[in-house]
Amino acid sequence: TAAEERAVVAKESAALRTSFKNENSGQKRVSSMAKLMFLHMLGYPTHFGQMECVKLIAGSAYGEKRMGYLGLMSLLDETQEILTLVTNTLQHDLKSKNQYTVGLALCALGNLCSEEMARDL
């Protein structure tokens, strides 16, 4: 039923908040971000995971960057204030020697770029 679904989602949201505060392991953070994006697709609030996206894209591992950029593109739009924190990481990733990292940054830029971000980059 809908009430049972809401109860499960509330419980899982609380577990994700705790996980984001406590986890330092990259794979656990990636898994938590995937769960968060699923909750977002179901229509539940996921604003508490926006900062975690920024942390993931700042990582050096490709898997973390990929999930972080995917989270940014699905959880945020170009009007969010948190995007000012992403500009430096995008600039760094666009200059990367790894073509896949550059591709992630370009894809995110196409989805999230605002006028201010375009001027800064």
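Residues numbered from 1 in each chain as written. Predicted model: local features only at pLDDT ≥ 70, side-chain atom pairs only at ≥ 80, totals over all residues. Heavy atoms only, no water.

Things to note about the overall build of the protein
A count of helices and strands for the protein gives 7 helices and 0 strands. The order of helices and strands in the protein, counted from the N terminus, is α-α-α-α-α-α-α. Over its C-alpha atoms the protein spans a radius of gyration of 15 Å, differing by no more than 12% from the 14 Å that the globule rule assigns to 121 residues. Along the three orthogonal principal directions, the C-alpha set of the protein runs to about 45 × 30 × 20 Å. Carbon and sulfur atoms make up 54% of the accessible area of the protein, which amounts to about 7300 Å² in all. Of the side-chain charges in the protein, 13 are positive and 13 negative, and the distance between the mean point of each set is 8 Å. (Helix = DSSP H or I, 4+ residues; strand = E, 2+ residues; numbered from the N terminus. Rg over C-alpha atoms; globule rule 2.2 N^0.38 Å. Areas by Shrake-Rupley, 256 points an atom, 1.4 Å probe, with all protein chains shown as cover. Lys, Arg positive; Asp, Glu negative; His and termini not counted. Charge placed at Lys NZ, Arg CZ, Asp CG, Glu CD.)

Focus: the side chain of T89
As for its placement among the helices and strands, T89 is situated in helix α5 (residues 87-94). If we ignore the near neighbours within four places in the chain, the residues touching T89 are I57, A58, K65 and Y69. (Contact = heavy atoms within 4.5 Å.)

Some details on helix α4 (residues 62-75)
The terminal C-alpha atoms of α4 lie 20 Å apart, and with 14 residues this matches the ideal 20 Å at 1.5 Å per residue to within 8%. Taken residue by residue, α4 has E64, K65, M67, G68, Y69, G71, L72 and L75 as its buried positions. (Expected span 1.5 Å × (residues − 1). Buried < 20%, exposed > 50% of the residue type's maximum accessible area, 1.4 Å probe, protein only.)

So, the environment of M37
Positionally, M37 belongs in helix α2 (residues 26-41). Assessed through its relative accessible area of 8%, M37 is described here as buried. Measuring from C-alpha to C-alpha, the distance between M37 and C107 comes to 18 Å, with 70 residues separating the pair along the chain.

As for the packing of helix α1 (residues 2-22) against α2
The contact between α1 and α2 brings their axes to 10 Å, and the two run at 145°. Considering only the axes of α1 and α2, their crossing is left-handed. Facing α1, whose interface residues are V9, E12, S13, L16, S19 and F20, α2 presents R29, S32, M33, K35, L36 and L39. By residue class, the composition of the contact of α1 with α2 is 6 nonpolar, 3 polar and 3 charged. (Axes fitted to C-alpha atoms, helices over the stretch in contact; angles between N-to-C directions. Left-handed = near helix turned anticlockwise from the far one by under 90°. Nonpolar A, V, L, I, M, F, W, Y, C, P; charged D, E, K, R; others polar.)

Taken by themselves, the reported measurements are silent on function.
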